[in-house]
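So the chains spell out like this:
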2 protein chains.
Amino acid sequence: MDERGIGVFDSGLGGLTVLKEIKRILPNENIVYFGDTARVPYGPRSKETIIKYTFQAINFLRTKDVKAIVIACNTATARSLAEAQEKYDIPIIGVIEAGARTAAMTTKNGKVGVIGTEGTIKSRAYNQEIKKINKKIKIYGKACSLFVPIVEEGWANTEVARLTAKEYLKDLKEKDVDSIVLGCTHYPILKRTIGEEVGMDVKLVNPARETAYDLKKQLEEKNLMTSREEAGTCEYFVSDINEKFTSIAREFLKRKIDVSKVEIQRY
Amino acid sequence: MDERGIGVFDSGLGGLTVLKEIKRILPNENIVYFGDTARVPYGPRSKETIIKYTFQAINFLRTKDVKAIVIACNTATARSLAEAQEKYDIPIIGVIEAGARTAAMTTKNGKVGVIGTEGTIKSRAYNQEIKKINKKIKIYGKACSLFVPIVEEGWANTEVARLTAKEYLKDLKEKDVDSIVLGCTHYPILKRTIGEEVGMDVKLVNPARETAYDLKKQLEEKNLMTSREEAGTCEYFVSDINEKFTSIAREFLKRKIDVSKVEIQRY
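For clarity, every value in this text was computed on a predicted model and none was experimentally measured.

## Brief notes about the interface of chain B and chain A
Here is step 1: Across the contact, 34 residues belong to chain B and 34 residues belong to chain A.
Here is step 2: A combined buried area of about 2,500 Å² lies between chain B and chain A, and 50% of that area is made up of carbon and sulfur atoms.
Here is step 3: On the surface where chain B and chain A come into contact, there are 4 salt bridges.
Here is step 4: One salt bridge connects Glu263 of chain A with Lys52 of chain B, and the closest N-O pair in it is separated by 3.1 Å.
Here is step 5: Inspection of the chain B/chain A interface yields 18 residue pairs in polar contact (both at pLDDT 80 or more).
Here is step 6: For the side of chain B that touches chain A, the elements supplying multiple residues, two or more each, are α2 (47-63), α5 (118-123), α7 (147-152), α8 (159-174) and α11 (243-253) of chain B.
Here is step 7: The biggest single contributor to the side of chain B that touches chain A is α8 of chain B, with 6 residues.
Here is step 8: Considering only residue class, the side of chain B that touches chain A consists of 13 nonpolar, 7 polar and 14 charged.

Here is the structure:
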């Protein structure tokens, strides 16, 4: 048994979709969330820079005495998970392995699409993970750089979002994929728009839920679960406070939250 | 006479539109460009964070022994120009005063639109500057957060850009403005799309050219012009190297450039 908290890290607010699943599956665990809002988005940045940012986030979360860390950001997972797991001695869980496993289980025709930021798609991290499970699956990646700003503008269900989705997804439709991994934690917010574009026969895979189950399994295996019997707490930290984070977070989590600022470059 | 260079600073690559005007008007001056590509975009960040980033950029440029600095970014000018001018003892020029002056001269019906990032519009910096020149001018601001990512995706002349422009500009059209300030250095790249949406009768004001003239005037007044008779050099620094910066910069400047990386948080 271990009463310490779980650190959850994202480049901004997309990781809240993962936090929500963790709260659902592990309601009694304490969570410390850090969103790197001063340096979002990670998508277009170099591997070297993303590794540095990830290490700083982990260093900060460790000052909060956490027992495990979830990198709730596909770009950061793709670019820096292996490096982080090598450097630190606590369990560090990314979102990609879980998403890849779900996609491999979901596809029936063996053709899987992966959408994400430029960094995630270029890294080919989903390809590698899916191939580990089943070499025969064909994987088609597509970077959708405008999806994050569209979500952050609150335009997820507009004609601009639909037209953008149409443009990005036409290649995947031509390839006849039957499953698409939402390879960015913002994308579940676009699920309806994406679903309408690709049609009901294409399954949209959201790695957040499977990631939460991965976390639970690791805590159980390592005997790190809390013995607490009441609901755990949630603390929220960001590297830059802006109204958008607080308002979107409130709307998404359906309650008011307090957010504190961290000088992340000091870590 | 002063043979030192001129520092030009932007959050990313938009400032190259200003650099190009400076090269045209002051061809013999040496220029040192810094683009904060590891922390772009500045638009949604807080005033406090933007002031810190601006000071770091200026500290870095001063290590290159520059005689004047141009903040070639509307958000950084809006949020931090006054603070930077107070802190440093060399001429520091922003883009907003020049843009405001041009807008005040251009409008005939006294109704001016200003488009920019969330940070620029919220700061009301253009409103203040235009009011200083002519209190009677009515100013209508509109944040267009998706324009920067659309330009950086290379989608400036697509249907998505047109639909986005239509949505953002409908309020300004209703207000019957006869001039619109392109209050973000990326926006000149969208000039055609914006122009088609608002019609030929609306003048689009690009502050870059006037900013270069402001710089020239200040160098002349302070006796800081170079005596060099051949073309000056250009050095390019960024806080994160990615292919996009290099390729868009090459395309826009019509030549190959060398880019060096700076660890900007050390300054």
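Now that the structure is up, let's keep going.
## Focus on helix α4 (residues 96-106) of chain B
Here is step 1: Taken together, the buried positions of α4 of chain B are Ile96, Ala98, Gly99, Ala100, Thr102, Ala103 and Ala104 of chain B.
Here is step 2: Looking at the buried residues of α4 of chain B, the elements they touch are α3 (74-87), β5 (111-116), α6 (125-133), β7 (179-182), β8 (203-205) and α10 (207-221) of chain B.

## Some remarks on the domain arrangement of chain A
Residue and element names in this part refer to chain A.
Here is step 1: Here chain A is partitioned into domain 1 (5-94 + 209-266) and domain 2 (96-207).
Here is step 2: The straight-line distance from the C-alpha centre of domain 1 to that of domain 2 is 22 Å.
Here is step 3: Between domain 1 and domain 2, the residue contacts involve 21 residues of the former and 19 residues of the latter.
Here is step 4: Carbon and sulfur atoms make up 52% of the area that domain 1 and domain 2 hide from each other, which totals about 1,700 Å².
Here is step 5: Taken as a group, Asn74, Ala78 and Glu210 account for 30% of the area that domain 1 buries against domain 2, more than any other trio of residues on that side.
Here is step 6: A salt bridge links Asp214 to Arg101; the nearest nitrogen and oxygen atoms lie 2.6 Å apart.
Here is step 7: Seen at the junction of domain 1 and domain 2, the total is 11 residue pairs in polar contact (both at pLDDT 80 or more).

## Some thoughts on the environment of Lys47 of chain B
All names here are of chain B.
Here is step 1: Take Lys47: it is sitting in helix α2.
Here is step 2: Taking the C-alpha atoms as reference points, Lys47 and Ala78, separated by 31 residues in sequence, lie 9.0 Å from one another.
Here is step 3: Ignoring any residue separated from it by four or fewer positions in sequence, one finds Lys47 in contact with Arg79 and Glu83.
Here is step 4: Of the polar contacts made by the side chain of Lys47, one reaches the backbone oxygen of Arg79; its length is 3.0 Å.
Here is step 5: A distance of 3.1 Å separates a polar atom in the side chain of Lys47 from a polar atom in the side chain of Glu83.

## Overview of the pairing of strand β5 (residues 111-116) of chain A
Residues and elements named next belong to chain A.
Here is step 1: For β5, a buried count of 5 out of 6 residues is recorded, marking the element as mostly surrounded by other parts of the structure.
Here is step 2: Alignment of β5 against strand β6 (residues 138-143), held across 6 bridges, turns out to be parallel. Looking at the pairing, Val112 lines up with Ile139 of β6.
Here is step 3: Both β5 and strand β7 (residues 179-182) contribute to a ladder of 4 bridges, which runs parallel.

Cut-offs applied
Residues numbered from 1 in each chain as written. Chains lettered and ligands numbered in written order. Predicted model: local features only at pLDDT ≥ 70, side-chain atom pairs only at ≥ 80, totals over all residues. Heavy atoms only, no water. Contact = heavy atoms within 4.5 Å. Buried area = accessible area lost by both parts, 1.4 Å probe. Salt bridge = Lys/Arg side-chain N within 4 Å of Asp/Glu carboxyl O. Polar contact = N/O pair within 3.5 Å; in protein donor to acceptor, adjacent residues only side chain to side chain. Helix = DSSP H or I, 4+ residues; strand = E, 2+ residues; numbered from the N terminus. Nonpolar A, V, L, I, M, F, W, Y, C, P; charged D, E, K, R; others polar. Buried < 20%, exposed > 50% of the residue type's maximum accessible area, 1.4 Å probe, protein only. Domains from an automatic or database assignment. Pairing = 2+ DSSP bridges.

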